[in-house]
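# Close look at the chain arrangement
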Amino acid sequence: MSRGSPSRCQSTPVTLRPDSHLLSFFTPRSEFPSFGSNDSNTFDSEISFNKHSECHDESNDSTDECIRNIRNALSIDAVCCECSEKIYFAEFVSCTACSNLIHPQCVTPAQPPTNELSPIPDYSPTLCLACSDVNQGPPPRPQLSQVNCWGDLNAEEVFVKLQALAPLISTWAPNLFEVPFGAVGRGFIDELTRLANLFATSTAAESYALSALVLAPALLLQKPSKKSKVGGHKNLLERRLELWKSGKFDQLFREAAAIQKPLNYQSPSEERCNKRFVDLMRNGQTSEATGWLDSSRHTCGVKSCTDEVLLDLEKKHPPASPISSKYVHSDPPADHQPVTFQGITGESIYKCGLNIKGSGGPSGFDASGVSRILCAKKFKQSSTALCDALSLVAQKLATTEVHGDFLAIFCSSRLIPLEKTDGGTRPIGIGEVFRRIVVKAIIFSQRVAIKVAANCVQLAAGQSGGCEAAIHSLSDRFEEADCEGALLLDASNAFNRLNRGLALHSVDRLCPILAQLFNNLYGAPSPLYVGNQVLMSEEGATQGCPSAMAMYSIGILPLISLADLEDVLQVWYADDGNAAGTISGLHEWYEIITTHGPAFGYHINPDKCVLIAKEHHLEKAQELFGETGVQITTAGARHLGAAIGSTEFKTTFVTNKVSEWVSCLENLVTVAKTHPHLAYSNYVRSLKMKWSYLQRTLPDIGHLFQPMEDILRHKLIPLFVGKHISDIERRILALPSRWEVWHWKIRYKRLIKNTIIPVLLPDH
């Protein structure tokens, strides 16, 4: 219906249809939740009325009077959600989530910026305030500047070029040289600092700034050959920086692609594994070096990207699921102060960069390379400036909405299909190191808020010793006399099937200080690069992201609250839901999780769930759980890296683990023959932590470690000290390497006489 009135009144009825461009989301009146009317009658999209009844006064049939009468007849008894003024029929748009009404003129269209330093205008989707945090799709990308801002390219052209290069760069093999010290290296870091500052200052350059920051190392640091020298790297980097600043992305890409073409992958041999171990230890990557001691890691660790594996990965990354209104909180989110993020400084980024580990994301710039440019003192003020700029990036991501398209490359991940022990596939996303450092700094600054939100219910939210606490609490409850059994749940593809929209809503209500960060990271689908394929992550939280555990822990809290029963102790560590209590209580708890879990993205896999029932309650367990598909046993089961159940089961479990660690020690002995210092450092700082965790969680298992003691006593320690040792020397070497004594002023002889000798030789 056009906005006007007929030229004259008629007695015949006129049919009015809602205007298609003003009422694109028309909903019957009974479906509008905000009207507050008890009238059950609905009105159709066609409304008929007699104009003669409205324009009955022939002497006052002017155009204005007719318009007012028609508008009054079309009143739908509603107000605009934005301006709170009365709404007339065909003069509103509808909220896409709950159908609340908004004046079309209350939605301000985005205008394109005029230059690089012009702020990007706000863009508002057609959503009411109550639904602004749920069920909203990504808003349309605002128009970018057409003014040249990078060489001969404008913002739109830079954005499009970088988006096109990212999938191609993700297929490259790691082949980057270290940023050289000196003026050229500082110039490279200064360019990264400029890009980070461009994003942080809310300019139109934020559309491409983070993308350029991520892709710059891949285009500028390609190593020309295996034997290239540092001097050649400086010349290459200086020339490439000039091309980069001129916007010659295509030329840089062609050069890098030519270097990548002859590269191939070599299968790991025993000699190469030992060499790799030594290199990792010298670089301070202790945990990565420990992985190379396990020979099985190289045969079944990472799956090849076959068609079958790619199909499996596609199934594990489903499309976004709808949000059930039954689980949406009606209360407004709690007030929070974004000023707390001002505590993220360059020092915070420096500490995160110093401790970051792991390989690189799709760009190939790994943790050691980023740590070098952030923490090396030889780069002087350039490193400090980059840390300060990244702290501003962190503050903006945590407090300001950024369009998802502008963060697509920054939030992208390299998808790795790891092989499970049962032959299945575990997808792990390796994100860009810059993203991992920035997000890690934000999460660390709000670690207290995350712990408060999770409380003692979800023990994967950063609580100290949370995993061990979960093991001990469930084991202690299982050993009590009134406990009839324990139920260990296993969720199918838990992290990737988490209902992302409902999780973001839960974060907004339970931990609002992190709501903006998670909306920026997970508010829009992000690309996952695997081989030559690109998958889109639309649901869940990517395993490997520093924020994934916090988001999952908080996102699943409403489900945990629904399953809170008096006679059942439930213990959660991320997606591992475990409970102990009576058999009937465990069955009720299982039914609650089965009923409400799918709405949150928690889908139980009954075939991998285990019910450990005590002997005299086995019949009752089979009666209640017989048709569920849950495994029922009286022996025991693996639980968070430890074991729960009978003594026989625990003994078998520990024996199998010891046999694996014996193999690792044998490999370490091989390395110690040529590099004893590195082998000792790895043993003290990493390898022994594997079994110390098991020794803390399972009591009375010391005698089962005798095979490992034999290797340490007769093979490894003699390589460290250069001779075979006696029993007394073995007991001395068993002490911590840094044995703290309360009073260091005690004389050495008195310390030996009164402290050490009575401990080592109690009979003397």
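Look a little higher up for the structure.
Below or above, wherever it landed, is the structure these notes cover.

Procedures and definitions
- The numbers attached to residues start from 1 for each chain and follow its sequence in the written order.
- In view of the model being predicted, local features appear only for residues whose pLDDT reaches at least 70, and side-chain atom pairs are presented and counted only at 80 or more, with totals across whole chains, interfaces and linings using the full set of residues.
- Side-chain metrics in this entry use all non-hydrogen atoms of the structure; hydrogen atoms and water are not considered.
- Buried residues are those whose accessible area, probed at 1.4 Å on protein chains only, stays under 20% of the maximum for their type, while exposed residues exceed 50% and partly exposed ones sit between those limits.
- Strands are runs of DSSP state E lasting at least 2 residues, helices are runs of H or I lasting at least 4, and numbering of each runs from the N terminus.
- Note on pairing: DSSP must find at least two bridges between two strands before they are called paired.
- Whenever a helix is involved, its axis is fitted only over the stretch in contact; in every case the axis is a line through C-alpha atoms, and angles between N-to-C directions fall within 0 to 180 degrees.
- Residue contacts are counted whenever heavy atoms from the two residues lie within 4.5 Å of one another.
- Only Phe, Tyr and Trp rings are paired, with Trp represented by its six-membered ring, and only when their centres lie within 6.5 Å; those with planes under 30 degrees apart are stacked, over 60 edge-to-face, the remainder tilted.
- In this scheme, the term charge over a ring applies when either NZ of a lysine or CZ of an arginine sits within 6 Å of the ring centre and within 35 degrees of the ring normal.
- Within this analysis, patches are made of residues with over 30% relative accessible area and no salt bridge. Like charges are joined at 9 Å or less; nonpolar side chains (Val, Leu, Ile, Met, Phe, Trp, Tyr) at 5 Å or less.
- All accessibility values rest on the Shrake-Rupley procedure with a 1.4 Å probe; residue burial counts only the protein chains present in the view.
- Salt bridges are defined by distance alone: a side-chain nitrogen of Lys or Arg within 4 Å of a carboxyl oxygen of Asp or Glu.
- His is not counted here, nor are the chain ends, while Lys and Arg score as positive and Asp and Glu score as negative.
- A single reference atom marks each charge: NZ on Lys, CZ on Arg, CG on Asp, CD on Glu.
- Nonpolar core, defined: a set of buried Ala, Val, Leu, Ile, Met, Phe, Trp, Tyr and Cys residues in which side-chain atoms within 4.5 Å join the residues together.

With that settled, consider helix α21 (residues 548-555). In terms of burial, α21 is largely enclosed, as seven of its eight residues are buried. Of all the residues in α21, the buried ones are Ala548, Ala550, Met551, Tyr552, Ser553, Ile554 and Gly555.

Attention now moves to the sheet that holds strand β15 (residues 576-581). Strands sit in the order β14-β15-β11-β16-β17 across an open sheet of five strands; the sheet is mixed. The open sheet has two edge strands, β14 (568-573) and β17 (631-633), and neither has a second partner. On average, each strand axis in the sheet is inclined to that of its neighbour by 15 degrees, with strand direction left out of account. Bridge count between strand β11 (residues 485-488) and strand β16 (residues 610-613): four bridges; the pairing is antiparallel. Looking across to β16, one finds that leucine 487 is bridged to leucine 611. Sheet strands touched by helix α17 (residues 466-479): β11, β14, β15 and β16. Its angle to β14, the strand with the most contacts, is close to 160 degrees.

This part takes up the packing of aromatic side chains. Applying the stated criterion across every chain yields a total of 18 aromatic pairs. Their ring planes at 55 degrees and their centres at 5.8 Å tell us that tryptophan 150 and tyrosine 208 sit as a pair that is tilted. With tryptophan 150 in strand β7 (residues 148-150) and tyrosine 208 in the loop between α4 (183-200) and α5 (209-220), this pair connects stretches of sequence that are 58 residues apart. A single burial state applies to tryptophan 150 and to tyrosine 208, both of which are buried. With 6.2 Å between their ring centres and 50 degrees between their planes, phenylalanine 365 and phenylalanine 434 make a pair best called tilted. In this pair, phenylalanine 365 sits in the loop between α12 (346-355) and α13 (367-375) while phenylalanine 434 sits in helix α15 (residues 433-445), placing the two residues 69 residues apart along the sequence. Assigned by exposure class, phenylalanine 365 and phenylalanine 434 land together as buried. Among the aromatic residues, ring-to-ring pairing joins Trp150, Tyr208, Trp244 and Phe249 into one connected group. If you follow lysine 396 out to its NZ or CZ, it ends over the ring of phenylalanine 199, 4.5 Å from the centre. Lying over the aromatic face of phenylalanine 478, lysine 614 brings its terminal NZ or CZ to 5.3 Å of the ring centre.

So, about a negative patch on the surface. Negative charge collects at one region of the surface, where Asp564, Glu566, Asp567 and Glu588 lie side by side. Position of glutamate 588 among the secondary structure elements: in helix α23 (residues 583-600). Take glutamate 588: its relative accessible area is 42%, and that puts it in the partly exposed class.

Turning next to the nonpolar core. Within the largest apolar cluster, 135 residues are counted, with the highest numbers of intra-cluster contacts made by Trp244, Leu374, Ile442, Leu514, Phe518, Trp589 and Tyr602. For this core, the element with the most residues is α5, which contributes ten residues. Setting aside residues no more than four positions away along its own chain, leucine 374 makes contact with Ile349, Tyr350, Gly353, Ser383, Leu386, Cys387, Leu390 and Ile437. One finds Trp661, Cys664, Val669 and Leu712 within the second-largest nonpolar core, a separate group that totals 39 residues.

With that out of the way, let us pick up the environment of phenylalanine 159. For phenylalanine 159, the location among the structural elements is in helix α3 (residues 155-169). Sequence-wise, phenylalanine 159 and phenylalanine 406 are 247 residues apart; in three dimensions their C-alpha atoms are separated by 8.4 Å.

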